[in-house]
Amino acid sequence: MTQEIHQSLSDEKKQKIFAFCIVVSIFLPYYVTAAAIAAGGIYVLCGRERRAWAMAEPFSRLILAVFPLWSLISLAYQNFLGAGVALIIVAALLTAFYLRSFMTQRLFHSLLDVACLCSLSSTMVAFGQILYYAGTGDELRAESVCMNPNYYGMLMEFVAIIALYRLFGTEKNRRFYMVVLASSLLGIYFCASISAAAVVCGSILLFLLLRGRYKYCVIFTALGAVAVIAALTVLPIIFPRASDADHSMDQRLSIWHTALQGILQHPLFGQGPVTYEMIYTQFSGYATHHAHNLILDTFLNYGVVGASLIGFFLLYQLRLVIRRIRRGISSSTGVLLLVMTFATFAHGMTDTTVMWLQTGLLFLLVYSSVGIRSEVSLPVVPAYAKGLLPVRQEHHG
């Protein structure tokens, strides 16, 4: 009995180290994040019990089977980058599903606090880049630790939502969360992403509405009215890229037209991830890496069959989150995940920034909160893990 308790504590310590390493990697240079995702996926896959925990929930095996299959489809079309991206997605999902299997309320909040703290360093990096670009005459758009300013913009969107969640969820360290919120908004300004600025405003308003903070909704709406006035007057001065909005939309319309042509060419299975980068020259399309629309990009990459399987899994998870909120099972984290999902799809109408290493991993971290089964810190093992796992009892305080 003593040996079992000791082993349980040892496993819990390893799980926490694994989780904290994953979170810290999000705010390091993107190639470090890529290495952490790959290492995390291999770590989960090579452990019999860890693998069983990760795949215990319904339809986990289904979605994990989708991307290796499309890795093979990518190879059939000589889309070698797409084949690698599909495998990275598998590693990220394995990591997230394993986090989900032992996630608790206390651990989840600790991970979010670490994310908030680490995000401050990324804003400092962005500020340094702005100072450097100002001296060189280049476009003043910071990407911080990401590869692209738009990816950094979504990363800061997520951090802003997380900081707001922690700000209204605890009486402790509220000044810290206010600093993080201001830092993330500053990061969005540094990356000069119009989409990120609009989506973060909509997400904050939605969060306040869902949490019943109506007084703050009125204040935020008033501030929004001031922002609209500024948009019509001085915004092009303080946010120069706003004047390029029409040009950006023309580019996206061209990209979407090219993506539709690619979808019609291979409607059933697509040609694997990052197909757009492979086909845009064929249709004389705008040169970029993806379709700049989450729905179009999914159909382009995976076809009707793959998009249907992915959509089925996402709808099942959404149903699960809504049901947890209605039953009062960690409903606050459910609201956080719903707002993050809204931000993802709202931004996804003009970009596919969630399909990036750091943004995707941070979203999956928040998604892992669906594994929380109580307010206590003891991890709960799924009851249907094929009899491979030691059963731990859940204690309600």
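All figures in this text were calculated on a predicted structure; none of them were measured in a lab.

Peer 1: Got a minute to help me understand the overall build of the protein in this structure?
Peer 2: When you go through the protein residue by residue, the secondary structure sums to 16 helices and zero strands. When each of the 397 residues of the protein is scored for burial, the buried share is 49%. Looking at the protein alone, contacts between residues at least 24 apart form 75% of all its contacts between residues at least 6 apart. Of the roughly 18,800 Å² of accessible surface on the protein, 67% is carried by carbon and sulfur atoms.

Peer 1: Got a minute to help me understand the pattern of salt bridges in this structure?
Peer 2: Under the counting rule described, the total for this entry stands at four salt bridges. Between arginine 174 and glutamate 171 there is a salt bridge, with the nearest N and O atoms lying 3.8 Å from each other. A relative accessible area of 69% means that glutamate 171 is categorised as exposed. In this structure, arginine 252 and aspartate 351 form a salt bridge, with 3.9 Å as the shortest nitrogen-oxygen distance. Highlighted residues: arginine 252 in helix α12 (residues 245-265) and aspartate 351 in the loop between α15 (331-347) and α16 (357-367), separated in sequence by 99 residues. Both residues of the pair, arginine 252 and aspartate 351, count as buried.

Peer 1: Is there a simple way to think about the packing of aromatic side chains in this case?
Peer 2: Centre distance and the angle of the planes are the two values used to describe a pair of aromatic rings. Scanning all chains against the criterion turns up 23 aromatic pairs. Ring plane angle 35° and centroid distance 6.3 Å describe the contact between tryptophan 53 and tyrosine 98, whose orientation is recorded as tilted. Taken together, the residues span a long stretch of sequence, with tryptophan 53 in helix α3 (residues 48-54) and tyrosine 98 in helix α5 (residues 80-102) at a distance of 45 residues. Judged by its relative accessible area of 4%, tyrosine 98 falls in the buried class. For the pair phenylalanine 127 and phenylalanine 190, a centre-to-centre distance of 5.8 Å together with 35° between the ring planes defines the contact as tilted. With phenylalanine 127 in helix α6 (residues 105-136) and phenylalanine 190 in helix α8 (residues 174-191), this pair connects stretches of sequence that are 63 residues apart. Residue classification places phenylalanine 127 among the partly exposed positions, given a relative accessible area of 42%.

Peer 1: What is the right way to look at the nonpolar core in this model?
Peer 2: Across soluble globular proteins, nonpolar side chains show a tendency to be buried alongside one another. Within the largest apolar cluster, 93 residues are counted, with the highest numbers of intra-cluster contacts made by Ile63, Phe67, Leu336 and Leu362. For this core, the element with the highest residue contribution is helix α7 (residues 149-169), accounting for 15 residues. In this structure, leucine 336 is in contact with Phe108, Leu112, Ile161, Ile162, Tyr165 and Val366, ignoring residues within four places of it in sequence. Ala259, Ile263, Tyr276 and Leu296 belong to the second largest nonpolar core, which has nine residues in total.

Peer 1: How do you make sense of the state of the cysteines when you look at a structure like this?
Peer 2: Where two cysteines share a covalent bond between their sulfur atoms, that bond is called a disulfide. The final tally for this structure, using the stated rule, is zero disulfides. Free of any disulfide, cysteine 116 has its nearest cysteine sulfur in cysteine 118, 9.5 Å distant.

Peer 1: What is the right way to read the confidence of the model for the protein from this model?
Peer 2: For the protein, the average pLDDT comes to 86, and 86% of its residues sit at 70 or higher. Averaged over each element, pLDDT in the protein is lowest for helix α11 (residues 235-238) (57) and highest for α16 (97). In this model, residues 375-397 is a region of pLDDT below 50 whose contacts with residues beyond four sequence positions or in other chains number 48 contacts.

Peer 1: Whenever I open this one, α8 confuses me. Can you help?
Peer 2: Given 3.6 residues to a turn, an α-helix orients residues that are three or four positions apart in the same direction. Helix length check: α8, at 18 residues, gives a terminal C-alpha distance of 26 Å against a target of 26 Å (1.5 Å per residue), a fit within 8%. Among the residues making up α8, those that are buried are Tyr177, Val180, Leu181, Ser183, Ser184, Gly187, Ile188, Phe190 and Cys191. With its phi angle positive at about 55°, alanine 192 sits one or two positions after the end of α8.

Peer 1: Looking at this structure, I do not really get a nonpolar patch on the surface. What am I missing?
Peer 2: Taken together, the side chains of Ile295, Phe299, Val304, Leu314, Phe345 and Met349 make up a nonpolar region of the molecular surface, amounting to roughly 480 Å² of accessible area. A total of four residues in the nonpolar patch trace back to one element, the largest contributor, which is helix α14 (residues 294-326). Considering the arrangement of structural elements, one finds phenylalanine 299 in helix α14. The exposure class assigned to phenylalanine 299 is partly exposed, which follows from its relative accessible area of 30%.

Reading guide: rules and limits
- Residues numbered from 1 in each chain as written.
- Predicted model: local features only at pLDDT ≥ 70, side-chain atom pairs only at ≥ 80, totals over all residues.
- Heavy atoms only, no water.
- Helix = DSSP H or I, 4+ residues; strand = E, 2+ residues; numbered from the N terminus.
- Buried < 20%, exposed > 50% of the residue type's maximum accessible area, 1.4 Å probe, protein only.
- Contact = heavy atoms within 4.5 Å.
- Areas by Shrake-Rupley, 256 points an atom, 1.4 Å probe, with all protein chains shown as cover.
- Salt bridge = Lys/Arg side-chain N within 4 Å of Asp/Glu carboxyl O.
- Phe/Tyr/Trp six-rings, centres within 6.5 Å; stacked < 30°, edge-to-face > 60°.
- Core = buried A, V, L, I, M, F, W, Y, C linked by side-chain atoms within 4.5 Å.
- Disulfide = S-S within 2.5 Å.
- pLDDT = per-residue confidence, 0-100.
- Expected span 1.5 Å × (residues − 1).
- Patch = residues over 30% accessible without salt bridge, like charges linked within 9 Å, V, L, I, M, F, W, Y side chains within 5 Å.

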